Amino acid sequence: MVLGIITLLIAILSLFGGLVEFKRKNFFGVGFAAVSVGLFGWFSISTLVSILFLGSGGTV
């Protein structure tokens, strides 16, 4: 559960970082932020769904 929450916080912070880099017109940073939001967001949502709805040992 803690791992899912931590990765969700990383995804949210990456989203804010991507917005800041977009304002600076640093599109390389925006790309890395988008990849980070996608990967960490997917992992956190998948982990939280697995724990909350399928029990601690289930897979999505």
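Structure: see above.
First, a word on scope: everything that follows refers to the structure included in this document.

What follows deals with the packing of helix H1 (residues 2-23) against helix H2 (residues 27-54). When two helices pack together, you describe them by how their axes are tilted relative to each other and by the distance separating the axes. The interhelical angle for the contact between H1 and H2, taken along N-to-C directions, is 160 degrees, at an axis separation of 8 Å. As judged from the angle between their axes, H1 and H2 are roughly antiparallel. Considering how the two elements wind past one another, H1 and H2 form a crossing that is left-handed. When H1 is examined against H2, the residues Leu3, Gly4, Ile5, Thr7, Leu8, Ile10, Ala11, Ser14, Leu15, Gly18, Glu21 and Phe22 are found in contact with a partner set consisting of Phe27, Gly29, Val30, Ala33, Ser36, Val37, Phe40, Gly41, Phe43, Ser44, Thr47 and Leu48. Of the residues that constitute the contact of H1 with H2, the class distribution is 14 nonpolar, 9 polar and 1 charged.

Here the structure, examined in full by the defined rule, presents 2 aromatic pairs. Ring centres of Phe22 and Phe27 lie 6.0 Å apart, and the angle between their planes is 70 degrees; on these two criteria the pair is classed as edge-to-face. Since its relative accessible area comes to 53%, Phe27 is described here as exposed. Note on Phe28 and Phe32: the rings are 4.9 Å apart at their centroids and 80 degrees apart in plane angle, and the pair reads as edge-to-face. You can see Phe28 and its partner Phe32 sitting in helix H2, 4 residues apart, about one turn around the helix.

Time to look at H2. With 28 residues, H2 should cover 40 Å at 1.5 Å per step; its first-to-last C-alpha distance of 39 Å lies within 8% of that length. Taken residue by residue, H2 has Gly29, Ala33, Gly41, Ser44, Thr47, Leu48 and Ser50 as its buried positions. In this fold, the buried residues of H2 make contact with H1. In the stretch just after H2, Gly55 is the one whose phi turns positive, near 90 degrees.

Even without being a glycine, Lys25 presents a positive backbone phi close to 65 degrees. Of note, Lys25 is situated in the loop between H1 and H2. Exposure remark for Lys25: the relative accessible area of 62% places this residue in the exposed category.

What counts, and where the lines are drawn
- Residues numbered from 1 in each chain as written.
- Predicted model: local features only at pLDDT ≥ 70, side-chain atom pairs only at ≥ 80, totals over all residues.
- Heavy atoms only, no water.
- Axes fitted to C-alpha atoms, helices over the stretch in contact; angles between N-to-C directions.
- Helix = DSSP H or I, 4+ residues; strand = E, 2+ residues; numbered from the N terminus.
- Parallel < 35°, antiparallel > 145°, perpendicular 65-115°, else oblique.
- Left-handed = near helix turned anticlockwise from the far one by under 90°.
- Contact = heavy atoms within 4.5 Å.
- Nonpolar A, V, L, I, M, F, W, Y, C, P; charged D, E, K, R; others polar.
- Phe/Tyr/Trp six-rings, centres within 6.5 Å; stacked < 30°, edge-to-face > 60°.
- Buried < 20%, exposed > 50% of the residue type's maximum accessible area, 1.4 Å probe, protein only.
- Expected span 1.5 Å × (residues − 1).

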